[in-house]
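Chains, contacts and geometry: an overview
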Amino acid sequence: MSARIRVVPAPAKRGEVVEVSILIQHDMETGYRRDDEGRVIPRDCINLLTCRYNGVEVFRADLSSGISANPYLQFYTVAVASGELEFSWIDDLSVQGAARAGIAVSE
Amino acid sequence: MSRAVPLLAAMLALWSPGAAGQERRIPAGELKSGIAFASPEVRAMQADDFSNPGMLWVEKGARLWSTPAGGAGRSCADCHGDARSSMKGAATRYPAIDRASGELLNLEGRIRQCRSERQGAAAPRHESEELLALTAYIAHQSRGMPIEVDVDGAARPHFEAGRAFYYRRIGQVNLACANCHEQNWGRTLLSETISQGHPNAYPIYRIEWQTLGSIERRLRGCLSAVRAVILPYGAPEYRDLELFLAWRAKGLPVESPGVRR
Amino acid sequence: MNRPGRRRFVAGLAGAVALPAMSRAARAQTDQLDPMVWVFTKGVPVQKGRVKLELPLLADNGNSVPLTVTVDSPMSATDYVKSIHLFSEKNPVRDMARFYLGPRGGRAKVVTRVRLAGTQTVTAIAALSDGSFWWDSAHVQVTLSACMDES
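Residues numbered from 1 in each chain as written. Chains lettered and ligands numbered in written order. Predicted model: local features only at pLDDT ≥ 70, side-chain atom pairs only at ≥ 80, totals over all residues.

This part covers the sheet that holds strand β7 (residues 258–260) of chain B. Residues and elements named next belong to chain B. Spatially, the three strands line up as an open sheet ordered β6-β5-β7, and their pairing is mixed. Bordering the open sheet on either side are β6 (211–213) and β7, each of which pairs with just one other strand. Sheet twist, expressed as the mean angle between neighbouring strand axes with direction ignored, is 35°. Sheet analysis places strand β5 (residues 204–206) next to β6, joined by three bridges and oriented antiparallel. Its bridge partner being in β6, Tyr-205 is matched across the sheet by Leu-212. (Pairing = 2+ DSSP bridges. Helix = DSSP H or I, 4+ residues; strand = E, 2+ residues; numbered from the N terminus. Axes fitted to C-alpha atoms, helices over the stretch in contact; angles between N-to-C directions.)

With that settled, the discussion passes to the interface of chain B and chain A. Taken together, the contacts link eight residues of chain B with nine residues of chain A. It is helix α3 (residues 54–65) of chain B that provides the largest number of residues to the side of chain B that touches chain A, a total of three residues. Taken together, the residues of the side of chain B that touches chain A sort by class into three nonpolar, three polar and two charged. (Contact = placed C-beta atoms within 7 Å. Nonpolar A, V, L, I, M, F, W, Y, C, P; charged D, E, K, R; others polar.)

Moving on to the packing of helix α8 (residues 156–166) of chain B against helix α11 (residues 236–248) of chain B. Residues and elements named next belong to chain B. Orientation of α8 relative to α11, taken along the N-to-C sense of each, is 90°, at an axis distance of 7 Å. Of the possible angle classes, the one that applies to α8 and α11 is roughly perpendicular. Of α11, the residues touching α8 (which contributes His-158, Phe-159, Ala-161, Gly-162, Arg-163, Phe-165 and Tyr-166) are Glu-237, Arg-239, Asp-240, Leu-241, Leu-243, Phe-244 and Trp-247. Of the residues contributing to the contact of α8 with α11, the split by class is eight nonpolar, two polar and four charged. (Parallel < 35°, antiparallel > 145°, perpendicular 65-115°, else oblique.)

Tracing the chain through its elements places Pro40(B) in helix α2 (residues 40–47). Here the alpha-carbon distance between Pro40(B) and Gly144(B), two residues 104 residues apart in the chain, equals 20 Å.

This part covers the domain arrangement of chain B. Residue and element names in this part refer to chain B. Parsing chain B into structural domains produces domain 1 (30–48 + 147–260) and domain 2 (55–140). Of note, the centres of domain 1 and domain 2, computed from C-alpha atoms alone, are 22 Å apart. With 24 residues of domain 1 at the interface, the matching set in domain 2 holds 20 residues. Taken together, the elements giving at least two residues each to the side of domain 1 that touches domain 2 come down to β6, α10 (215–225) and α11. Among the elements that line the side of domain 1 that touches domain 2, the one with the most residues is α11, at five residues. Tallied by class, the residues present in the side of domain 1 that touches domain 2 amount to twelve nonpolar, five polar and seven charged. (Domains from an automatic or database assignment.)

Listed below in structure tokens is the structure:
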């Protein structure tokens, strides 16, 4: 799955609150749509997304079909140290996705 | 029937705006991209390069650009180098006549032709991830540049056919493209504001589709809206119409990938 | 009027006065009798305030509506937002999303894009570290396309 991550500001000062955004390519299929032959397209949504900052969870989301296709999430975290933001997620068909971005923190 | 044809031709002549190069029904100074008719939320979505979902396909296209394909294992980059320079302005000139075959090709058609004839790979299917991503990536390189298609020479008959289609009433609802997008742009239909119907932002992330789609898909949407027969993907009518639409939009800057409702 | 009649009349009046307050809470889905809210709050009253839920008044397509939820909280080690829950009034799946924050959050603000199955009220309930619950709601008019797109 394609995903884009943005961290603002970059670099951040230690202790500053940074804005983290992620956009993931995923249909978030609701399970209520039908194909051209009238068959129900099975539900497949990302149901859990986690963000770890240098291994520590700083954000988690339980998602459902109520979140739009190609989900966009923006949240905040305190810049404590340079390192990595690691996103991982799983959908209803148990397909896992992951994306990483560096986070630069200056003194 | 034989008496009706010259009568119809006369009516069409009265109705059509004249030869290419003459006045467009919407003059250059009044041209407005579809984004001007969109809600603030849609405008914000298109304006932010990070969160514009279309950019997911542009990024995918960038990866495909450098990925070898076909028998000879050549990538687009092997012939065309860095797309940011080699593809700059390319999308502003399509649809265009292919010099080798004499065929009218749109951007998707050119990509499919390159894949099959020059890379020895399978031509990607219409609306496939591969074709959408490559089209989005290439069109994006022309963002901000004005559309400048050529409708003279070998393109002329295609232009005329496209224009005839544009002004022909079709479907159960018996509407021509012009009825909405030329006579009533700016007015409200249910809760939507009718746009001028320009092709300058394609491929677009259409919220209704919940994915990226081509101009051909959008034209099919219009055909279904007026309850006309939806022509199959790849039908020449779409390309002829696309050429006319591009001529009609000459001067409007490319916005690809656009976001629309 | 005889005695039983007057009692019934007065009881009826009391019921009529109570009804509007009940339906506002119910419409905003902070009604403690709603099992979805109960599972989250376990009966702790949900107070109005501190939460700001922002949605456009009018969405021209229910497939993607931008949403911002902010909670007034210092987000310190001892006073922070634990989670924010989004509830829909009309969606087939009313439990839209849950966002888990914490003391490292810095700012209690989440932005996303939601699907809304028609005009409705969306409610956000925030759970704070001190065990309290706060809510806000927003009403969105969701319009349909003028033209059917069966592409």
